Amino acid sequence: MEITGSPSRTHGARTWWALLGFGAAVTVAAAIGGLGVQGTADEYASLRQPDWAPPSWLFGPVWTVLYALIAIAGWLVWRRVGFGPALYAWIAQLVLNAIWTPLFFGAGRYGLAFAEIVLMWLAIGVTVLLFQRISRPAAALMLPYWAWVAFAAALNFTIWRLNS
């Protein structure tokens with residue numbers, strides 16, 4: 001029987017609170033990305049797009065899943081080693097993630113948004129490599145996100161070229 005307040009109970013509770021913290025971090029990044037950016041679905045629909053562009057309704061569900069995976073991946077690494085270079089890379093890619101939407105939709109700066117998404121893709125790659133050394137499951141959880149950002153970069157580039 002576990003005694004309330006024992007070190008293992010406190011550590012277990014701390015671990016779950018940390019997971020909520022990682023979830024909050026990605027939620028904040030998503031919210032910052034959307035601050036002041038209204039009508040993204042309408043703007044997206046008004047752009048000249050390639051035939052392979054997904055419908056605007058798909059982005060919400062995809063990003064919801066990806067943000068959950070990103071949070072869990074960061075949490076898994078934190079559980080192993082705490083804060084260090086791997087989580088600093090995780091934070092950097094999350095900051096870049098938050099910046100992209102205002103650049104693309106808020107400012108309409110498609111070329112600058114493309115340059116920024118390339119930096120984000122590279123930062124995700126560094127994060128995956130650093131996570132791989134600590135937790136293979138954490139690195140694997142980042143792979144769908146990395147793939148989606150590669151796809152999004154190609155879409156960003158094509159939209160930039162079609163709408164210049």
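What this report covers is the structure whose coordinates are included nearby. (Residues numbered from 1 in each chain as written. Predicted model: local features only at pLDDT ≥ 70, side-chain atom pairs only at ≥ 80, totals over all residues. Heavy atoms only, no water.)

### What about the overall build of the protein chain?
1) Next: Along the protein chain, the regular secondary structure elements total six helices and zero strands.
2) Next: For the protein chain, the α and β elements follow one another from N to C terminus as α-α-α-α-α-α.
3) Next: Long-range pairs, those at least 24 residues apart, make up 75% of the contacts in the protein chain between residues at least 6 apart in sequence.
4) Next: In the structure as shown, the protein chain presents an accessible area of about 9,100 Å², 69% of it carried by carbon and sulfur atoms. (Helix = DSSP H or I, 4+ residues; strand = E, 2+ residues; numbered from the N terminus. Contact = heavy atoms within 4.5 Å. Areas by Shrake-Rupley, 256 points an atom, 1.4 Å probe, with all protein chains shown as cover.)

### Some remarks on the packing of helix H4 (residues 85–106) against helix H5 (residues 110–134)
1) Next: Viewed as axis vectors pointing N to C, H4 and H5 meet at an angle of 160°, and their least axial separation amounts to 8 Å. Classed by the angle they form, the pair H4 and H5 counts as roughly antiparallel. Viewed along their axes, H4 and H5 form a crossing whose handedness is left-handed.
2) Next: Residues of the contact of H4 with H5, tallied by class, amount to 22 nonpolar, three polar and one charged. (Axes fitted to C-alpha atoms, helices over the stretch in contact; angles between N-to-C directions. Parallel < 35°, antiparallel > 145°, perpendicular 65-115°, else oblique. Left-handed = near helix turned anticlockwise from the far one by under 90°. Nonpolar A, V, L, I, M, F, W, Y, C, P; charged D, E, K, R; others polar.)

### Topic: helix H3 (residues 59–81)
1) Next: Compared with an ideal rise of 1.5 Å per residue, which puts 23 residues at 33 Å, H3 spans 33 Å between its outermost C-alpha atoms and is within 8% of the ideal.
2) Next: Phi for Gly82, located one or two positions after H3, is positive at around 70°. (Expected span 1.5 Å × (residues − 1).)

### Considering the packing of aromatic side chains
1) Next: Following the criterion strictly, the structure yields 17 aromatic pairs and no others.
2) Next: Taking 4.7 Å as the distance between ring centres and 50° as the angle between the ring planes, the aromatic pair formed by Phe104 and Tyr110 counts as tilted.
3) Next: The class of Tyr110 is buried, set by a relative accessible area of 14%.
4) Next: Taking the centre distance of 6.0 Å and the plane angle of 25° together, the rings of Phe114 and Trp160 count as stacked. Remark: Trp160 occurs in helix H6 (residues 136–162) and Phe114 occurs in helix H5; sequence separation between them is 46 residues.
5) Next: For Phe114, a relative accessible area of 22% puts it in the partly exposed group.
6) Next: Here the aromatic residues Tyr44, Trp52, Phe59, Trp148 and Phe151 are joined through ring pairs into a cluster of three or more.
7) Next: The ring of Trp160 has Arg161 sitting right over it, with the charged end atom 4.8 Å from the ring centre. (Phe/Tyr/Trp six-rings, centres within 6.5 Å; stacked < 30°, edge-to-face > 60°. Buried < 20%, exposed > 50% of the residue type's maximum accessible area, 1.4 Å probe, protein only. Lys NZ or Arg CZ within 6 Å of the ring centre and 35° of its normal.)

### Comments concerning the nonpolar core
1) Next: If you look at the biggest cluster of nonpolar residues, it comprises 49 residues, and the most contacted ones within it are Trp90, Phe131, Met142 and Tyr145.
2) Next: Elements with a minimum of two residues in this core: helix H1 (7–34), H3, H4, H5 and H6.
3) Next: At 13 residues, H3 tops the list of elements feeding residues into this core.
4) Next: In contact with Tyr145, not counting residues within four places along its chain, are Trp63, Leu66, Ile70, Gln93, Asn97, Met120 and Ile124. (Core = buried A, V, L, I, M, F, W, Y, C linked by side-chain atoms within 4.5 Å.)

### Points about the environment of Leu20
1) Next: Take Leu20: it is sitting in helix H1.
2) Next: As for Leu20 and Ala71, which are separated by 51 residues in sequence, their C-alpha atoms are 8.6 Å apart.

### What to know about H6
1) Next: Look at H6: 39 Å from first C-alpha to last across 27 residues, which is about the 39 Å you get at 1.5 Å a residue.
2) Next: Along H6, the largest kink reaches about 25° and is centred on Leu143; proline Pro144 follows within four residues of it.
3) Next: All buried positions along H6 are accounted for by Ala138, Ala139, Met142, Tyr145, Trp148, Val149, Ala152, Ala153, Leu155, Asn156, Thr158 and Ile159.
4) Next: Residues of H6 that are buried sit in contact with helix H2 (40–46), H3, H4 and H5. (Bend = angle between axes of the 7 residues up to and from the residue.)

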